[in-house]
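# Descriptive analysis of the structure
The lines below spell out each chain.
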Amino acid sequence: MCGIVGYLGKKNTKEILLNGLKELEYRGYDSAGIAVLENGNFSNFKAVGKLVNLEEKTKNYSTDGFSAGIGHTRWATHGKPTELNAHPHVGQSSYVVHNGIIENYAKLKKELINDGIKFLSQTDTEVIVHQFEKNLNSASNTFEAFSKTISELDGAYAILLVTKSQPDTIFFAKHGSPMLVGTNNESEQYFASSDTPLIGHCNEVNYFEDGDYGYVSSNNITIFDKDKNKKEPIFSKLSQNKLSAQKDGFRFFMEKEIYEQSDVISDTLMGRLDDDEIIFNELDKKIFDDINEIKLCACGTSYHSAMSASYLFERYSKIRTSLEIASEFRYRNPIMSKDTLFVVISQSGETADTLETLKMAKQAGLKTLVICNVDNSSMVRLADYCILTRAGIEKGVASTKAFATQVTIFWMLSLYIAKLKNSLSVDEISKQISLLREIPTHVKVTDDMHERIKRLSKRYLHGHGFFFIGRDIFYPLALEGALKLKEISYLHAEGYPSGEMKHGPIALADPELFTIALLPQNLLYEKSKNNVEELSARDSTICAISSKEFDKADDFIQISECKDYMLEFFEMMIVVQLLSLEISARLGNDVDMPRNLAKSVTVE
Ligand code: AGP
C-alpha cells in the first residue's frame, strides 16, 4: 500500500510532488523519493523514514521551467526500507515509481541479470525500468517499448515512468492498484494514488480502470484499455474535502479498512501461492529442522489470530502448538526449549509486552519468527525471520485488516509446514490452496449485508452484556468479535467457547443478555446449535450468524454457503467487525480513536 504522485507542467514540480506525498502518508511511509526531468536532465532524491527527511534533502532544489516529475512513499513488501529500496527506481535514462506487487519479478530479474543488468535494490519494482530500457533497444518508439513492458508484467501495479527518450511525457499503467489523473485549464497533468493530492489543483479527474495504460503530455491524455483499444478519459468532479478523501468517502478509517480487506488479502496472497505449494521467499525451509513445537505469543487482536493459528498448525501441520499472552509470559519464568519455534505476532511490531517476549526467546537461544505489518519495526529488526502481512497502514485503533491478513498468513504457513513435514497429501494441500484463493471473494462487503447489520444494530445498544460464542477456531473469532465491540462501543462483551456456557455463564441468561452465536455449517454445527438452544431455552436474546436460518434465534445474519469452515470464518469476521462498528456509530462514539486506547501500546 504505497503512495505515488506525478506532475507535468511549469510550476515548481518539487513542491507539488512533496505536498502530494504528504497527503498520501496515510498510505505508508517507511521511505520516499522523487525524480524530476527538466531540460533533459534528471534530479533524484530519496530518504528513509518520514517525509520530512526527504524535504530536508531537497530544500535547496527547485524547478522553474517545464518539467516531468514522479514521487513515491513506500510501504515495504519486498526488501527492507532503505534508500536503495526507496522509489523512484532508475535505469540508464529512466525512472519509475510503482504501487503493488509484480508477481513475476524474480523471473524477469533473472533474465535481466543474465543480460548483464546490475540491480541496485531488492525490490520487485526495479525490474520495470530495466525491462523498459531493454525493450527500448528494439522498439520503434518509446510508447511501444512501454506498452510491451506492461504486457510482460504479472501482478498488481500502478506505475508512472519518466524517460529521457521522451522527456515531455509521463507514461502510466494501472492494474489492481488505484491511480487517477487530474487536469485543469493550465495544461497541467497531475497523477496520484488517491484524490487527496489533487484537491486544490484539479477540477476534474479520470479514475483509471484495470488494464488502462498510456501517456500524458502537456496538452493531452492518451489512454488504451486492456484490449489495447484507445479510449477517451471519463472525467468526474473532484471532492474538495481532504479528510473524507483520505477515507475514500467512508465515515471512518475502520470502515474503509473493513471494505479494503478483499484487496489487501489479495496482496497478502500475491506471489505466495503455487498450485500445490506455498511460497515464502522470506523464509529458509531449514528454520523448521529440529522444531517439535511452535509457540505463538502476542497481545489483543494479534493474540486472537495466534489462537486461530494454533488450530491450523495442529490440524494441518501436525505440530504441537502453544499459545501465550505476552504480558503473562514475561513474568512467569517460562520453560523454553530450543526445539520450539517462537513466533510473535504484531501489527505494529512495537508492542512492548510482545517485544520483550521476543527478547526473552532470543536470549534463550530459540529460533524466532515475527508476523508483522510494519517493516523495519523493532520486532522485524530483532526476529530471525519475518513474514510481512502487506495490510498497508491500519489507521483505525480497532484492528481489522491486520487480523484478517495475519490469519491468512497463518493458514498459508500451516500448509507450508504441512508440505515440509508431509503431514498433508499434495492433493489436500492443493485443495486448501484453492480455498485460500477464494478468501478475497468471501470478504467483499455487500450492500445488503451492511444494510442488514446497520438496521439490526439498533437493537443492541443496551442490555447487561454480550456473549460471543463459538467452537474450535470460531472461539478465537468470538473473542475477536467481543474485543471489537468492547473497544469501540464501550459495552461489555465476552468471547466464550460455546461448550463452556453450561459451566457457569448460562446463569446470566435472560432477555437482556445478548448472545452472538457463530454457527458454521462446516464445523461442529450440531454441537454449536445445541449450546445455543440451551441459551434460547432460558430466554437469552440470540443473534445467530450462519448460512442456514436457525429457528431458535431472535435475530439472524445470513452468510453465504461456503465450501469450507475457513471461508465461513472470514465471512463471519466481516459480520462481527461491521456489527461492532454500527453499534458504536449509533452510540456516537469515536470509532477510529476510541477512549483510553492507542494504536500501538509501547508501554507495559
Ligand atoms: C486491537 O483491535 C487492539 N487495538 C489491540 O488489542 C491490539 O491488537 C494490541 O494492542 C496488539 O497490537 P499489535 O498487533 O500492534 O502488537
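Rules behind the numbers
- Residues numbered from 1 in each chain as written.
- Predicted model: local features only at pLDDT ≥ 70, side-chain atom pairs only at ≥ 80, totals over all residues.
- Heavy atoms only, no water.
- Helix = DSSP H or I, 4+ residues; strand = E, 2+ residues; numbered from the N terminus.
- Buried < 20%, exposed > 50% of the residue type's maximum accessible area, 1.4 Å probe, protein only.
- Phe/Tyr/Trp six-rings, centres within 6.5 Å; stacked < 30°, edge-to-face > 60°.
- Lys NZ or Arg CZ within 6 Å of the ring centre and 35° of its normal.
- Core = buried A, V, L, I, M, F, W, Y, C linked by side-chain atoms within 4.5 Å.

## Here we look at unusual backbone geometry
A cis amide bond, omega 0 degrees, links His87 with the succeeding residue Pro88. Mapping Pro88 onto the fold places it in the loop between β4 (67-74) and β5 (89-90). Not every positive phi belongs to a glycine, and Asn39 is a case in point at roughly 50 degrees. Structurally, the position occupied by Asn39 is in the loop between β2 (31-38) and β3 (41-48). Phi at Lys318 takes a positive value of approximately 50 degrees, unusual for a residue other than glycine. The residue Lys318 is located in the loop between α9 (300-317) and β17 (320-325) in this model. Relative accessible area serves as the criterion here: at 57%, Lys318 is assigned to the exposed category.

## Topic: the packing of aromatic side chains
For the structure shown, the criterion picks out 27 aromatic pairs. When the centroid spacing of 4.4 Å and the interplanar angle of 25 degrees are considered together, the rings of Phe172 and Phe208 count as stacked. Pair noted here: Phe172 is in strand β8 (residues 170-175) and Phe208 is in the loop between β11 (204-207) and β12 (213-217), with a separation of 36 residues, a long-range link. Taking relative accessible area as the criterion, Phe208 reaches 5% and is therefore assigned buried. Each member of the aromatic cluster is reached from another via a ring pair, and the members are Phe143, Phe146, Phe171, Tyr213, Tyr215 and Phe224. Taking NZ or CZ as reference, Lys395 lies 5.4 Å from the ring centre of Phe253, over its face.

## Overview of the nonpolar core
Counting 90 residues, the largest nonpolar core has Trp411, Leu413, Phe466 and Phe570 as its most contacted members. Broken down by element, this core gets its largest block of residues, 14 residues, from helix α19 (residues 565-586). Within the second largest apolar cluster, 24 residues are counted, among which are Phe45, Leu51, Tyr61 and Tyr190.

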